[in-house]
Every structure is written in C-alpha cells, then in structure tokens.
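Structural overview for review
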Amino acid sequence: MATILAIETSCDETAVAIVKNRQVLSSIVSSQIELHQTYGGVVPELASRQHLEIINPCIDRAISAAGLQWQDIDAIAVTCTPGLVGALLVGMAAAKTLSIIHNKPFLGVHHLEGHIYASYLAQPELQPPFLCLLVSGGHTSSIYVKDYGKYELLGSTRDDAAGEAFDKVARLLDLGYPGGPIIDRLAQQGNPKAFQLPEGRISLPKGGYHPYDYSFSGIKTAVLRLVEQLQEQGEIPVNDVAASFQHTVAKVLTKRSVKCALDHGLDTITIGGGVAANSGLRKHLQQAAEKHNLKVYFPPLKFCTDNAAMIACAAAQHFNLGHTSSLDLNVQSRMPIDKVMQLYEHNRMF
Ligand code: KG4
Ligand code: ZN
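Read on for an overview of the structure. (Residues numbered from 1 in each chain as written. Chains lettered and ligands numbered in written order. Predicted model: local features only at pLDDT ≥ 70, side-chain atom pairs only at ≥ 80, totals over all residues. Heavy atoms only, no water.)

The subject of this paragraph is the sheet that holds strand β4 (residues 75–81). With mixed pairing, the five strands of this open sheet are ordered in space as β3-β2-β1-β4-β5. Two strands bound the open sheet, and with one partner strand each, they are β3 (23–31) and β5 (106–110). Direction aside, neighbouring strands of the sheet carry axes that sit 20 degrees apart on average. In this sheet, β3 lies alongside strand β2 (residues 13–20) in antiparallel orientation, the contact comprising eight bridges. Looking at β3, one finds that Ile18 is bridged to Ser26. Along the sheet face, helix α3 (residues 85–101) touches β1 (3–8), β4 and β5 and points at about 160 degrees away from the line of β4. Each of β1, β2, β3, β4 and β5 is contacted by helix α4 (residues 111–122), which is oriented at about 90 degrees to β5, the strand it contacts most. (Pairing = 2+ DSSP bridges. Helix = DSSP H or I, 4+ residues; strand = E, 2+ residues; numbered from the N terminus. Axes fitted to C-alpha atoms, helices over the stretch in contact; angles between N-to-C directions. Contact = heavy atoms within 4.5 Å.)

Set out below in structure tokens:
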C-alpha cells in the first residue's frame, strides 16, 4: 500500500495530492483560469511564475489536509511530460528537492497516464484492459490500456484537440474562456439538429477514411463560416449553434471510441480530461454503450480536469511494481504514451 505525494504543474493548475493506492487522502488544486482569462488562453510565462508563487503553500496544505507527517509518505511523484516546459520545471524542481531533503524515492509521471488513472481513482475495481478516451484542452486520444504501464495509441487528433475546438468556437461566438462549460450550458437550450456540420473525417491515401483519428479544425472552420453567414442575415441563434457544434463533436468522439473498443474486443470504455465533463458527450457515450453492451465509466469532474490525485495514483501503481525514476530525469514537452516505461528504473530492492 504505497502512500504517494504528487505534484502537477504541466499547464495552468498548480496541484498537490496525497494518495494511498487508489484512495485520495488530500487533493489541492489551485486554478489559474482567472489569470489567463484576459488573454483568452494560457500564457506559458505567467503560468510558470504563478506555479512558483504557490507551489510551497499547496504542498503544506496537502500534507496538513491529509493529516500526515513526512515520515508517512513513501515516495514523491511529479508530472514530467507532456506539458509547458517552464511550468513542468517548477513541479520537477519542487519534487526533486522534497525527495532529497526527506530521503524518499522519486517518480516522474506521464500526464496522460495520470488522466487514465482518474478512472482507477473513481472506480477502484477497474482493471485493464479497457479503452480510455482522453479529451482535454491539449489532447484527444483513444488509448488502448493493455495492462498497467502498457498503452497503445489507437487514434488521436490530426489538428485541434476537442477542448481547443470548444474554446475556439466559444471565442468566435464571443462567449469567454474556457469555452467548453459555457457551450455546454448554452447547448442545453438549443436545437442540436439546427445546423449540419462536417464530421471531420481523415481521408486515407488509398481511399476511405481513417477509422479512429479525429480532426476538429474543419468543424471549427465550418462554425466560423456559419456564424459569418448568420451574421449577414441578422441575429445569431447562439444556443442552436452551440448545440449543433456540441452534438457533432459528441457524435464523432462516441462513434470512433465505440469502434475502437469493439474492433479490439474491449468491453469497457473510460473517459478523462476536461471535455469528459461535457453533458452531450456523456449522453451520447452512455446511449451508444447501452446499445453495444459496453460498460462506460465517467470519473467525477474534479478528477477529469487537471489534478495531482490522478498523478499520485499512477505513481502508486508504478511504485508498487518496483518502479522509481532517476533524479537525473528531466522534463519533456512531449512523449508518446507507449514510452512511459522509459521514465522508470526497475531495480528497486524491496
Ligand atoms: O483536462 P483539462 O482541464 O486541461 C488540459 O489538460 O487541457 O481540459 C480543459 C479543457 C478546456 O478546453 C475546456 O474548455 C474543456 O476542457 N471543458 C469542457 C467542459 N469543461 C471543460 N469542454 C466541453 N464541455 C465541458 N463541460
Ligand atoms: Zn490534462
């Protein structure tokens, strides 16, 4: 039973959590949304500086909220990839320092593996294999979870991430940032069939379409053209545009995920990342799962958006398997999910 303190600073949330295997003992998340709202998106330099300001108080709060002492912690973990390099470095420096001064083992964690672990946190009996649809502001990936630490990327976006598309459509409708929750709210008052939008399919050189990959930039451009056209005609029916856009994205994500699961003989789909909060996506996926006799798990929103509990949970699993990382480990802006085992050394003595 490993008790892990983890730090997550890969983007615009400063988060620290303590997790015992799959049980969350404390989870502190300090969001920078207000800081970046003026700019309509995350400003990397501001994100790093803000992480630096508040990382230490977040660590103290996580320890006291869990009611633990340093001697109760088995290892220190940190998100080391993918993410904004300056932001990742703040968490990395803090985690290595804690590891050295408290003489604890150290583990780097892949952020996307963390998002997959949000499902393990929410569903303690969940076991691989399953399909995880990861839909956030920076990623849209269908990941085949073959075993602990073993992943195969089956499908991903060729351009914008799903959350990015929500944010861009919200911006062109002048709705504010982040756009996903606002579009979700407005869509509930609109007609999802009001406007037909393209599904963004990827053509293959030999003809036909890629079965699992996504493209959201075409849908976003189609909304832009639609809005320009509606503007000329008079008032824009914002709720109907939001509902039609959300319906199209939810339909595409659902269709490809179900195909991925069925083609690989998987009976379970889990979902993670900020867009996993989307009510339209949840509804579509639930209906499709019932139709195809698949189980589908939706972690609560607090574990879908960036948090350190999911990072600690992933680290706990690695630690239990005898994996630790070298203190020479560095941050990386990108790393494929199937390379996660490169972050670990396997020679820890029990
Ligand atoms: O996972 P996340 O917190 O951060 C990243 O790692 O990117 O995801 C943030 C993204 C934003 O693009 C936001 O607009 C989107 O998740 N989002 C939503 C909803 N809530 C957050 N998108 C659609 N519907 C929502 N309810
Ligand atoms: Zn994330």
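Let's shift gears to the coordination of the zinc ion (ligand 2). Protein coordination at the zinc ion (ligand 2) comes from His111 (NE2), His115 (NE2) and Asp306 (OD), with a distance range of 2.1 Å. Given four donor atoms and angles of 93 to 136 degrees at the metal, the environment of the zinc ion (ligand 2) is assigned as irregular. Each donor residue of the zinc ion (ligand 2) belongs to the same chain, with the gaps between them written as H-x3-H-x190-D. Of this pair, His115 sits in helix α4 while Asp306 sits in the loop between α10 (301–304) and α11 (309–320), and the two are 191 residues apart along the sequence. Both residues of the pair, His115 and Asp306, count as buried. (Donors = N, O, S within 2.8 Å, 3.2 Å for Na, K, Ca; no water. Tetrahedral: all angles 85-135°; square planar, octahedral: opposite > 155°, others 65-115°. Buried < 20%, exposed > 50% of the residue type's maximum accessible area, 1.4 Å probe, protein only.)

Time to look at the site of ligand 1. Surrounding ligand 1, one finds 21 residues, the nearest of these being Gly137, Asp167, Asp184, Gly274 and Asn278. Take Gly180: an N or O atom from its main chain is 3.0 Å from an oxygen atom of ligand 1. Contacts to ligand 1 include Asp184, whose side-chain N or O atom sits 2.9 Å from a nitrogen atom. Burial of ligand 1 by the protein amounts to 87% of the accessible area it has alone, namely 560 Å². Elements with a contribution of two residues or more to the shell around ligand 1: α4, α5 (162–172) and α6 (179–187). (Near = heavy atom within 4 Å. Polar contact = N/O pair within 3.5 Å; in protein donor to acceptor, adjacent residues only side chain to side chain. Areas by Shrake-Rupley, 256 points an atom, 1.4 Å probe, with all protein chains shown as cover.)

Before going further, it helps to spend a moment on α3. For α3, built from 17 residues, the straight-helix expectation of 24 Å at 1.5 Å per residue is met to within 8% by its first-to-last C-alpha distance of 24 Å. When we look at burial in α3, the residues that qualify are Ala87, Leu88, Val90, Gly91, Met92, Ala94, Ala95, Lys96, Leu98 and Ser99. On its buried side, α3 packs onto β1, α2 (44–66), β4 and β5. Of the residues flanking the end of α3, it is Asn103, one or two places downstream, whose phi is positive at about 55 degrees. (Expected span 1.5 Å × (residues − 1).)

In this sheet, strand β8 (residues 150–156) lies alongside strand β7 (residues 140–147) in antiparallel orientation, the contact comprising six bridges. Residue pairing for β8: Ile143 is matched across the bridge by Leu153. With antiparallel pairing between neighbouring strands as the criterion, β7 and β8 make up a hairpin whose turn holds two residues, including Gly149 at a positive phi of roughly 80 degrees.

Next up on the list: the nonpolar core. Membership of the largest hydrophobic core comes to 66 residues, with the highest contact counts inside it found for Ile4, Leu5, Ile7 and Ile116. No other element matches α11, which puts nine residues into this core. Other than its neighbours up to four places away in sequence, Ile116 contacts Phe130, Cys132, Leu134, Ile143, Val145, Tyr151 and Ile337. Counting 48 residues, the second largest nonpolar core, distinct from the first, contains Phe166, Ile183, Tyr212 and Cys260. (Core = buried A, V, L, I, M, F, W, Y, C linked by side-chain atoms within 4.5 Å.)

Attention now goes to the side chain of Lys96. With respect to the secondary-structure elements, Lys96 resides in helix α3. At 2.7 Å, the side chain of Lys96 and the backbone oxygen of Leu329 are in polar contact.

This part covers the packing of α5 against α6. In contact at an axis separation of 8 Å, α5 and α6 are set at 70 degrees when each is read in the N-to-C sense. Classified by the angle between their axes, α5 and α6 sit roughly perpendicular to one another. Seen from α5, the contacting residues are Phe166, Asp167, Val169 and Ala170; seen from α6, they are Gly179, Gly180 and Ile183. Partitioning the contact of α5 with α6 into residue classes produces four nonpolar, two polar and one charged. (Parallel < 35°, antiparallel > 145°, perpendicular 65-115°, else oblique. Nonpolar A, V, L, I, M, F, W, Y, C, P; charged D, E, K, R; others polar.)

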